[in-house]
Amino acid sequence: MTQDHLNFIFIGISFAVYIGIAIKSRAGSTKEYYTAGGGVSPLANGMATAADWMSAATFISMAGTVALSGYDASRFLMGWTGGFVLLTILMVPYLRKFNKATVPDFVGDRYYSKLARGVAVGCAIFICMTYIMGQMRGVGVVFSQLFGISITSGVIIGGAIVFFYAGLGGMKGITYTQVAQYCVMAFAYTIPAIFIAMAMTGNVLPQIGLISHYTAGGEAVPFLEKLNNINTELGFAEYTSGKLSTINMFCITAALMCGTAGLPHVIVRFFTVKNVSAVRKSACWTLLFIAVIYLTAPAIGAFARVNLIEKLHDTSYQEAPYWLQEFEETGQMAWIDKNDDGKIQYYGPAKSAAGTHAVFQGKKPSYPILEATDGQLFGKHGQRLLANKVDTSNPNELWFGNDIMVMANPHMAGLPMWVIALLMAGCIAAALSTAAGLLLVLSTSISHDLMKKILKPDLSDKDEVRYARVASFLALAVAVYFGINPPSQFIAKTVAFAFGLAASSFFPALLMGIFSKRMNREGAIAGMLCGILFTFGYITYFQFLDGTPDQYLLGITPEGIGFVGMLINFAVAFLVSAFTPAPPQEVQEMVENIHIPSGSGEASHH
Amino acid sequence: MKDAPSHPHRRACLRLVLGLLAVWFSVSFGCGILFREWLDANAPQIGSAPFGFWMAQQGAIICFVILLVVYAFLMNRLDAKHGYTEDN
């Protein structure tokens, strides 16, 4: 049996399970469509939320990011988990008590304003759209590698599957499918890590392996010390110290945390459980399930870095392990023999006068056209040649993408084929679960918040679900289009946008709405607009116009500016609300009421 | 946030939330970022990992999970004390 057969079997089985679940638990009413009827158990909702939260990018690239940047990557690890603490103790129990189906609903009612609702709908759609494009692209890439089809067909197949169970099944179908997807993801992520930890450190738990001794090289040495030594020898920064300034680390982590706590597609997940106390339990489960993967990622990253350098650096190309060629073929690794010695060299920026370790010019490798002669396609050692111009300012010869760390790990460690097949199924589960959750928020934002609450208040229950299905189809069509024609540079940069916007708009508006009775419409809208405009302007100026890093405000990169935008939002909101009339009596009573935990009932959509 | 909560239940909740947020801040931003270098150099290592680095990559996440468990437990107890329990 070949690897391909195994991949087919694993993915086929997982798909059959997902679709079976989706058909069995499809939604009938708006209540089931939006919030799964409000009767999901805390444990199941915890798994589903974890699967929803962890995207294909997290699953595939996070360990790679940790491997490449060591300590600096802690901002993602802490930011994306710490946000759940904020979300749980400041937001969701109160929003659940408020008892509406969407986040713009809360903003619109709490600030008694259609404008506020409109701003919230706009932000929700933008944030979800940004995310879902990346997911569709991810599904397409995995499918195209698996079945040898073009990325375009891969994206379309992925889109059809997502539409089938997200569009038809609604929140109920999605939730139970995501439970299955989480299980696949968790096994796919941890099993290879356990094998590798045993091979490299003799410990079963990867997290223990990370802090114990490296034993594969004969003599036992502290693992992280070995990693630091390898890094500094090759001219990289020490693995455990990092390069980012403290203020930057602080701002980026804070922006990611507050952004997480303001992401609409995560918040709505907690409307599916029975009552406020179930929300609290469910949030514990969610973070626990996320932690299983987030605690494993730093270990995988560190192991992969040691493995990669040990197996490839200063090895002749002919003797290099088989997977190097496989990944060259798929364009995920590349080798340029700059000094013509037939050996692979991998050095960091400190070994070059220009302070870079780029192998070639440009961000990604590009290749000669297929019709080129063999001499143009392959070098004298059989390596795949690139069309990129060689960067001769440094001696580094090896390029690899971030994705490689998770995908190549089982190959590097020589794990059995079924582990690799499981990993493939896990990647697809990660992408599908996130895409489905986002699609649902997109469709409800359009059908419920935009159509029913702003444009057509007399919409019937049945029509609303019909609109939701049409909206999810349209949203998916747009996402598929951008998955096929990615605004390539754009996608990576819009992640900064999504978190920055969530942190500088939703987070303060929700927080003040919950904890301050005095906060009024004028304050909240002025705050949101100032926060968004500042963040949006700063990111646009530095990412898309000609801003240069030396103009950064206090050295804060666009990634972390959402935190400053959030502070501006708070300041403006309090200032404006102090000079404008207090909110009406019934709104003040509503705020009082959401702090009383009992009597939340089933989440309604009215 | 400015208004003083009058209700005893609400006051107790707020105190609990602020207490948990203080822990949340000190394990992540405190140990993992602001005082990391000092902790790396002076605090005892976790296994072979420098303390601040370990907190940033593992310890903070473990603390977050514990925080939420404590939150759910104490809040549910607080609700019960003030008569807000519901059947699950």
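The rules behind each value
Residues numbered from 1 in each chain as written. Chains lettered and ligands numbered in written order. Predicted model: local features only at pLDDT ≥ 70, side-chain atom pairs only at ≥ 80, totals over all residues. Helix = DSSP H or I, 4+ residues; strand = E, 2+ residues; numbered from the N terminus. Rg over C-alpha atoms; globule rule 2.2 N^0.38 Å. Buried ≥ 20, exposed ≤ 12 C-beta atoms within 10 Å, placed from the backbone. Contact = placed C-beta atoms within 7 Å. Domains from an automatic or database assignment. Nonpolar A, V, L, I, M, F, W, Y, C, P; charged D, E, K, R; others polar. Expected span 1.5 Å × (residues − 1). Core = buried A, V, L, I, M, F, W, Y, C linked by C-beta atoms within 7 Å. Axes fitted to C-alpha atoms, helices over the stretch in contact; angles between N-to-C directions. Parallel < 35°, antiparallel > 145°, perpendicular 65-115°, else oblique. pLDDT = per-residue confidence, 0-100.

Caption draft 1: Representation of the overall build of chain A in the model. Helices and strands together make up the secondary structure of chain A, namely 22 helices and 6 strands. A compact globule built from 606 residues should have a C-alpha radius of gyration of about 25 Å, and chain A, at 25 Å, falls within 12% of that. When each of the 606 residues of chain A is scored for burial, the buried share is 58%. Expressed as a percentage of contacts within chain A between residues at least 6 apart in sequence, the contacts between residues at least 24 apart total 82%.

Caption draft 2: Up close: the environment of Phe 126 of chain A. With respect to the element layout, Phe 126 of chain A can be found in helix 7 (residues 114-147). Taking the C-alpha atoms as reference points, Phe 126 of chain A and Val 406 of chain A, 280 residues apart in sequence, are found 29 Å from one another.

Caption draft 3: A look at the domain arrangement of chain A. Residues and elements named next belong to chain A. As assigned here, chain A comprises domain 1 (3-307 + 417-485) and domain 2 (310-412). Taking only C-alpha atoms into account, the centre of domain 1 sits 31 Å from that of domain 2. At the junction of the two partners, domain 1 supplies 21 residues and domain 2 supplies 18 residues. Going through the elements one at a time, helix 4 (56-69), helix 8 (151-201), helix 13 (276-312) and helix 17 (417-455) are the ones with two or more residues in the side of domain 1 that touches domain 2. When residues in the side of domain 1 that touches domain 2 are grouped by element, the largest group, 7 residues, is from helix 4. Split by residue class, the side of domain 1 that touches domain 2 holds 14 nonpolar, 7 polar and no charged.

Caption draft 4: Representation of the interface of chain A and chain B. With 47 residues of chain A at the interface, the matching set in chain B holds 37 residues. Mapped onto the side of chain A that touches chain B, the elements with two or more residues apiece are helix 5 (74-98), helix 9 (206-210), helix 10 (223-234), helix 11 (246-261) and helix 13 of chain A. By residue number, the principal contributor to the side of chain A that touches chain B is helix 13 of chain A, which donates 12 residues. Of the residues in the side of chain A that touches chain B, the class split is 26 nonpolar, 15 polar and 6 charged.

Caption draft 5: Geometry of helix 18 (residues 461-484) of chain A. Under the 1.5 Å per step criterion, the end-to-end length of helix 18 of chain A is 35 Å for 24 residues, consistent within 8% with the ideal 34 Å. Residues of helix 18 of chain A that are buried: Glu 464, Val 465, Tyr 467, Ala 468, Ala 471, Ser 472, Ala 475, Leu 476, Ala 479, Val 480, Phe 482 and Gly 483 of chain A.

Caption draft 6: Local environment of the nonpolar core. Membership of the largest hydrophobic core comes to 230 residues, with the highest contact counts inside it found for Met 185 and Leu 439 of chain A. What Met 185 of chain A contacts, discounting residues up to four positions off in sequence, is Ala 51, Met 54, Phe 59, Gly 426, Ala 429 and Ala 430 of chain A.

Caption draft 7: Focus on unusual backbone geometry. All names here are of chain A. One non-glycine residue, Tyr 112, lies in the positive phi region at around 35°. By secondary structure assignment, the location of Tyr 112 is in the loop between helix 6 (103-110) and helix 7. The exposure class of Tyr 112 is partly exposed, given the 15 C-beta atoms found within 10 Å.

Caption draft 8: Representation of the packing of helix 1 (residues 8-34) of chain B against helix 3 (residues 51-81) of chain B. All names here are of chain B. Across the interface, helix 1 lies against helix 3 with an axial gap of 8 Å and an inter-helix angle of 170°. With respect to helix 3, the axis of helix 1 lies roughly antiparallel. Across from His 9, Ala 12, Cys 13, Leu 16, Leu 20, Val 23, Trp 24, Val 27, Ser 28, Cys 31 and Gly 32 in helix 1, the residues of helix 3 making contact are Gly 52, Met 55, Ala 56, Gly 59, Ala 60, Cys 63, Leu 67, Tyr 71, Leu 74, Met 75 and Leu 78. Its residues assigned to classes, the contact of helix 1 with helix 3 shows 17 nonpolar, 5 polar and no charged.

Caption draft 9: The packing of helix 4 of chain A against helix 17 of chain A, seen in detail. Residue and element names in this part refer to chain A. Put simply, helix 4 and helix 17 touch, their axes get as near as 6 Å, and they point 135° apart. Looking at the two axes, helix 4 sits oblique to helix 17. Taken together, the residues of helix 17 that come into contact with helix 4 (itself represented by Ala 56, Phe 59 and Ile 60) are Gly 426, Cys 427, Ala 430, Ala 431 and Thr 434. In the contact of helix 4 with helix 17, the residues fall into 6 nonpolar, 2 polar and no charged.

Caption draft 10: Structural context of the confidence of the model for chain A. Scored by pLDDT, chain A comes out at a mean of 79, with 91% of its residues at no less than 70. The weakest mean pLDDT in chain A belongs to helix 15 (residues 374-377) of chain A at 68; the strongest belongs to helix 21 (residues 561-578) of chain A at 90.

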